[in-house]
Amino acid sequence: QEQLVESGGGLVAAGGSLRLSCAASGRAFSVPLMGWFRQAPGKEREFVAVIRGPGTVQYYTRAVRGRFTISRDNANKMVHLQMNNLRHVDTEHYYCASRPVFTVRYDLTSRYAYWGQGTQVTVPS
C-alpha cells in the first residue's frame, strides 16, 4: 500500500524551529522526487522544497531558501523538512508528496502521484 504520513507540525514562536517528517511506504517512497508543499486556508497549495534522486540535489522556493532544509533517510524511507527562523507567514498546512519519475516542473502539484494528509504549522504573529 502506497502511503505518506507526515508528523512534526505544531505551534512555535516566531524565530523558532520545527522539523517535519514524512514516513513513506510502498511505491510512495520514490527515489526520483519527494517534496513538501504547503497550503493556507482559501489559497492554492504551493511548492516549498523537493529532493531529487538519492538526496544530492534539492530545490527550494525563494521564500524559504536559507531557512528550510530538505533531506531524506533512504534506509528508513523518510523525508524531513528542517524549518528554522520560522515566520508568521509560514503558518500553513504542510504536505509531503512523491513522484516516481523526475520532472522539471517539480513545483506543480499536478505532477505528484502520492500525497499525505498533511501537518499544521502555526507561527503566531
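Keep in mind that what you see is a predicted model, and the values were worked out from it rather than measured.

### Considerations on the environment of Val123
Step number 1: Position of Val123 relative to the elements: it lies in the segment after strand S11 (119–122).
Step number 2: Beyond its immediate sequence surroundings of up to four residues, Val123 is in contact with Val12, Ala13, Ala14, Leu86, Arg87, His88 and Thr91.

### Considering the side chain of His80
Step number 1: Relative to the helices and strands, His80 is located in strand S8 (residues 78–83).
Step number 2: There is a polar contact of 2.9 Å between the side chain of His80 and the side chain of Ser21.
Step number 3: Excluding anything up to four places from it in sequence, His80 contacts Arg19, Leu20, Ser21, Trp36, Thr69, Ile70, Ser71 and Asp73.

### Digging into the pairing of S11
Step number 1: Of the two faces of S11, only the one carrying Thr119 and Val121 is buried; Gln120 and Thr122 on the other face are not.
Step number 2: Pairing geometry for strand S2 (residues 10–11) and S11, over 2 bridges, is parallel. Residue pairing for S11: Leu11 is matched across the bridge by Thr122.
Step number 3: Here strand S9 (residues 92–99) pairs with S11 via 3 bridges, running antiparallel. Bridging across to S11, Tyr94 finds its partner in Thr119.

### Some remarks on unusual backbone geometry
Step number 1: The backbone of Lys77 sits at a positive phi, close to 55 degrees, despite the residue not being glycine.
Step number 2: Its place among the elements puts Lys77 in the loop between strand S7 (68–73) and S8.
Step number 3: Lys77 gets classed as partly exposed once you look at its relative accessible area, which sits at 37%.
Step number 4: If you check the backbone angles, Asn85 has positive phi at about 50 degrees while not being a glycine.
Step number 5: Relative to the helices and strands, Asn85 is located in the loop between S8 and S9.

What counts, and where the lines are drawn
- Residues numbered from 1 in each chain as written.
- Predicted model: local features only at pLDDT ≥ 70, side-chain atom pairs only at ≥ 80, totals over all residues.
- Heavy atoms only, no water.
- Helix = DSSP H or I, 4+ residues; strand = E, 2+ residues; numbered from the N terminus.
- Contact = heavy atoms within 4.5 Å.
- Polar contact = N/O pair within 3.5 Å; in protein donor to acceptor, adjacent residues only side chain to side chain.
- Buried < 20%, exposed > 50% of the residue type's maximum accessible area, 1.4 Å probe, protein only.
- Pairing = 2+ DSSP bridges.

In short, geometric facts, not functional conclusions.
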